[in-house]
Amino acid sequence: MADWLAALDRRAQLRAKAGLTRRLHPRPAGDQVTDLAGNDYLGLATHPEVTAAATAALSAYGLGATGSRLVRGSTDAHQALEDELAQWLGTDRALVFSSGYLANLGALRALVQPRTLLVSDAHNHASLIDGARISGAETVVTPHVDVDAVAAALAAAPGRPAVVVTESIFSVDGDLAPLARLHAVARRHGALLLVDDAHALGVTGPAGAGAVAAAGLAGEPDVLVTATLSKALGGAGGVVAGPVEFVRHLVETGRTFIFDTALPPAVAAGVHAALRLARVDDDRRGELSDRVRLAVVRLRAAGLTVSAPDAAVISVTAPGPEAASAWAVDCRDRGVAVGCFRPPSTPDSRSRLRLTVSAGVPRADFERALEVIVECAPQSRAEVRP
């Protein structure tokens, strides 16, 4: 009976040898670490209006939703959030899930019918990859942001229903997918376009409505949008938005919607308050963009290899998983939290620090954090640029 435990222990030893051990690091309330690892891009998670709305809903509804959305889990708070999300995103309807992960699983499964082909970008998030696998559909993985490869995959499957699947802002390097070109190719071949707008919602686009809106695709009948509510909106949950017929199909058939306990009403109310703030706060978005530019300039000036971000995700290359992990630990020991991405979490087997910039961090703390990142990078981790 102990053999299976021994096998798991052996696997853990192999991961440790490869520098791939992962550990939890619980944080206390009100810790003083400068956060360049979380996804609270606009600093709304602790905004007084957001926490007040959540507190009021907590008193009104209690701790949890007490059931799935189709039983007792749908509340006025959920409905109000969905209505404003649909308006913001420019879609017919929006449907809130308990997580962005489940939203992607549900959306992909709902789009698949017999003979459906999924054409998926090589750098897509794990939730999109898992959604494709669970759907059972044939999936062609195309090179990163390669529109010609997408077109070739669709052309090789004439007459078949197809869905092009992509993130808008990719979660590892922060680069932007060519959404308008992808949509043109998809439409030419009669395919749908599914866009995970998680890292763009609240950060880019008109009134922060995301990259789909920025590309002029909001409300197009062959475009479906998914996103988390846990990044720029500072809460939790996920959303799928699109034509009313598709949302109805999800309500009636989507297993990750039907059989899951609903998002707590207090979270829905808090996210709704954050959404209202995000829609009108171009100053925060401007400050966020300014900080991204500053970070790229300073890190590159120090000889580090840095991505060219299109939103608030910045990737800094490390020579290997052990170096990336040690770098992140050194930064944390000096009061700066950074993300550490190593295989298999990276789509290209390249290790890096991932920095997520927030307008909610005091400016002086942010600039000091950049200095710490540079100081903690040994010479071997830096590439001197001409």
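Residues numbered from 1 in each chain as written. Predicted model: local features only at pLDDT ≥ 70, side-chain atom pairs only at ≥ 80, totals over all residues. Heavy atoms only, no water.

Q: Looking at this model, I keep getting lost on empty space enclosed by the protein. Mind explaining?
A: Unoccupied space between atoms shows up once a probe the size of one water molecule is rolled over them. Counting across every chain of the model gives 3 cavities of 30 Å³ or more. Lining the largest cavity are 13 residues, with D121, T142, V150, T166 and L182 positioned closest to its centre. Counting only elements with at least two residues in the lining of the largest cavity, the list comes to β3 (117-121), α7 (147-155) and β5 (162-167). Residue composition of the lining of the largest cavity, grouped by class: 8 nonpolar, 3 polar and 2 charged. (1 Å grid on protein atoms, 1.4 Å probe; cavity = no way out; pocket = protein on both sides within 12 Å on 5 of 7 lines; lining within 4 Å. Points joined across faces, edges and corners; volume = space filled by probe spheres on them. Helix = DSSP H or I, 4+ residues; strand = E, 2+ residues; numbered from the N terminus. Nonpolar A, V, L, I, M, F, W, Y, C, P; charged D, E, K, R; others polar.)

Q: Quick question: what am I supposed to make of the sheet that holds strand β7 (residues 223-228) here?
A: Working definition: the strands of a sheet are paired by backbone hydrogen bonds and lie parallel or antiparallel to each other. If you trace the 7 strands from one edge of the open sheet to the other, you get β2-β8-β7-β6-β5-β3-β4, paired in mixed fashion. Two strands bound the open sheet, and with one partner strand each, they are β2 (93-97) and β4 (138-142). Taking the axes of each pair of neighbouring strands and ignoring which way they run, one obtains an average angle of 20° across the sheet. On the sheet, helix α4 (residues 76-89) packs against β2 and β8 (238-242) and is oriented at approximately 130° with respect to β2. (Pairing = 2+ DSSP bridges. Axes fitted to C-alpha atoms, helices over the stretch in contact; angles between N-to-C directions. Contact = heavy atoms within 4.5 Å.)

Q: Would you mind going over the confidence of the model for the protein with me for this structure?
A: A low pLDDT means the predicted coordinates there should not be read in detail. For the protein, per-residue confidence averages 94 on the pLDDT scale, and 97% of positions sit at 70 or higher. Scored below 50 in pLDDT, residues 380-386 shows 20 contacts in the model against residues more than four places distant or in partner chains. (pLDDT = per-residue confidence, 0-100.)

Q: Can you help me understand the side chain of H47 in this one?
A: Here H47 shows up in the loop between β1 (34-36) and α2 (48-61). On the accessibility criterion, H47 (16% relative accessible area) is buried. Sequence-distant contacts of H47, that is, excluding residues within four places in its chain, are made with L277 and R284. (Buried < 20%, exposed > 50% of the residue type's maximum accessible area, 1.4 Å probe, protein only.)

Q: Explain the packing of α4 against helix α12 (residues 265-280) to me, please; I cannot follow it from the model alone.
A: Two quantities define a packed helix pair, namely the angle between the helix axes and the distance between the axes. Axis separation between α4 and α12 bottoms out at 8 Å; the angle between their running directions is 30°. As the angle between them shows, α4 and α12 are arranged roughly parallel. Relative to α12, the crossing made by α4 is left-handed. Across from A77, H78, A80, L81, E84, L85, Q87 and W88 in α4, the residues of α12 making contact are P265, A268, A269, V271, H272, L275, R276, A278 and R279. (Parallel < 35°, antiparallel > 145°, perpendicular 65-115°, else oblique. Left-handed = near helix turned anticlockwise from the far one by under 90°.)

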